[in-house]
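# Understanding the architecture of this molecule
So you can see what is in the structure, the chains are spelled out below.
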Amino acid sequence: TARYLDDKDLQGDAALSAVKIALPKNRRDTGLTGPEVVQILIKALPLVQDSDLRKKGEKHANDILYEIETSQPPADAEGFVPLFDGKTLAGWTGSVDGYTVEDGVLVCLPDKGGNLYTVRTYDDFILRFSFKLTPGANNGLGIRAPLGTNAAYEGMEIQILDDDDPKYKDLQPYQYHGSIYGVVPAKRGHLKPDGEWNEEEVIARGGRITVKLNGEVIVDADVSEIPTTGTMDGKPHPGLHRREGHIGFLGHGSRVEFRDIRIKELHNEPPPG
């Protein structure tokens with residue numbers, strides 16, 4: 001049923017069937033569960049005309065999300081929990097066909113990619129991950145982004161880019177690795193050579209966004225002071241002041257590897273200093 005949701009002639013019937021199949025049949029039945037089901041419901045529910053069925057589908061999707069949220073692994077000594085289990089795409093939604101798992105590593109597939117998002121949403125957090133680039137690789141980290149939108153504008157996109165590759169010689173300052181795309185340029189010169197693992201940390205605390213690459217601060221900006229229009233790229237960024245959304249990897253058709261993806265939420269922690 002899921003593949004027919006992309007066929008406009010069959011969308012209505014496919015959406016109706018998808019929701020009916022996913023819903024519990026009785027009180028003892030849990031219905032279909034898992035992040036893949038949430039992904040299908042997100043596509044299907046807007047196409048369902050029956051308002052009662054649509055409400056039941058929305059409740060079921062929220063129940064699945066709650067189950068995923070409350071079943072996450074315990075935090076480590078620093079308070080970080082893994083977003084990637086090293087084996088599956090559990091907890092992720094979106095372009096699940098554009099990514100795979102190889103030897104404990106999350107891989108964005110060349111000529112596929114797309115946007116792979118956390119099922120959960122996050123507001124203030126510290127995100128840490130390792131990544132390895134291939135020559136000319138292009139990806140991105142979406143933060144505070146709504147599903148089904150362009151994260152660079154409706155949320156924020158932190159560039160993940162092999163910006164030393166000759167094909168990127170004419171980039172704008174706001175397009176280099178680590179930049180908040182279109183809005184805040186990053187300091188250059190801290191990427192490791194292609195094929196080596198880089199360590200990145202992104203801190204989102206209110207409007208302050210800090211990006212550290214291999215131990216160096218390359219972005220530190222308060223985006224709440226930046227208007228959503230009149231930004232460096234000349235385009236509207238309505239999501240710049242958004243305070244909550246999904247985290248995702250935004251593949252652009254090149255192989256990039258990720259591992260050690262972990263997050264610490266900052267709900268009750270005061271800022272340092």
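Residues numbered from 1 in each chain as written. Predicted model: local features only at pLDDT ≥ 70, side-chain atom pairs only at ≥ 80, totals over all residues. Heavy atoms only, no water.

Once that is clear, we can look at the sheet that holds strand β5 (residues 114-118). Working definition: the strands of a sheet are paired by backbone hydrogen bonds and lie parallel or antiparallel to each other. The strand order β2-β5-β12-β7-β8 describes an open sheet built from five strands, whose pairing is antiparallel. On the outer flanks of this sheet lie β2 (92-94) and β8 (156-161), each paired with one strand and no other. Each strand of the sheet is rotated relative to its neighbour by a mean of 25°, with strand direction disregarded. (Pairing = 2+ DSSP bridges. Helix = DSSP H or I, 4+ residues; strand = E, 2+ residues; numbered from the N terminus. Axes fitted to C-alpha atoms, helices over the stretch in contact; angles between N-to-C directions.)

Our next topic: the environment of L127. Inspection of the secondary structure puts L127 in strand β6 (residues 125-133). The contacts of L127, once residues within four sequence positions are left out, are L83, L141, E200, E201, V202, I247, I261, R262 and I263. (Contact = heavy atoms within 4.5 Å.)

We now examine the packing of aromatic side chains. When we look at a pair of aromatic rings, we describe it by the centre distance and by the angle of the planes. Per the counting criterion, the structure on display carries six aromatic pairs. Between the aromatic rings of F129 and F258, the centroid separation amounts to 6.3 Å while the plane-to-plane angle is 55°, which identifies the pairing as tilted. One end of the pair, F129, is in strand β6; the other, F258, is in strand β13 (residues 256-265), with 129 residues separating them in the sequence. Accessibility assignment for this pair places F129 and F258 in one class, buried. The cationic tip of R188 hangs over the ring face of Y176; the distance from NZ or CZ to the ring centre is 3.9 Å. (Phe/Tyr/Trp six-rings, centres within 6.5 Å; stacked < 30°, edge-to-face > 60°. Buried < 20%, exposed > 50% of the residue type's maximum accessible area, 1.4 Å probe, protein only. Lys NZ or Arg CZ within 6 Å of the ring centre and 35° of its normal.)

Glancing now at helix α1 (residues 11-22). Here α1 spans 16 Å end to end across 12 residues, near enough to the 16 Å set by a 1.5 Å rise per residue. Residues A14, A15, A18, V19 and A22 constitute the buried set of α1. Along the long axis of α1, the arc covered by the buried residues comes to 130°, so they all point the same way. (Expected span 1.5 Å × (residues − 1). Arc of directions from axis to C-beta.)

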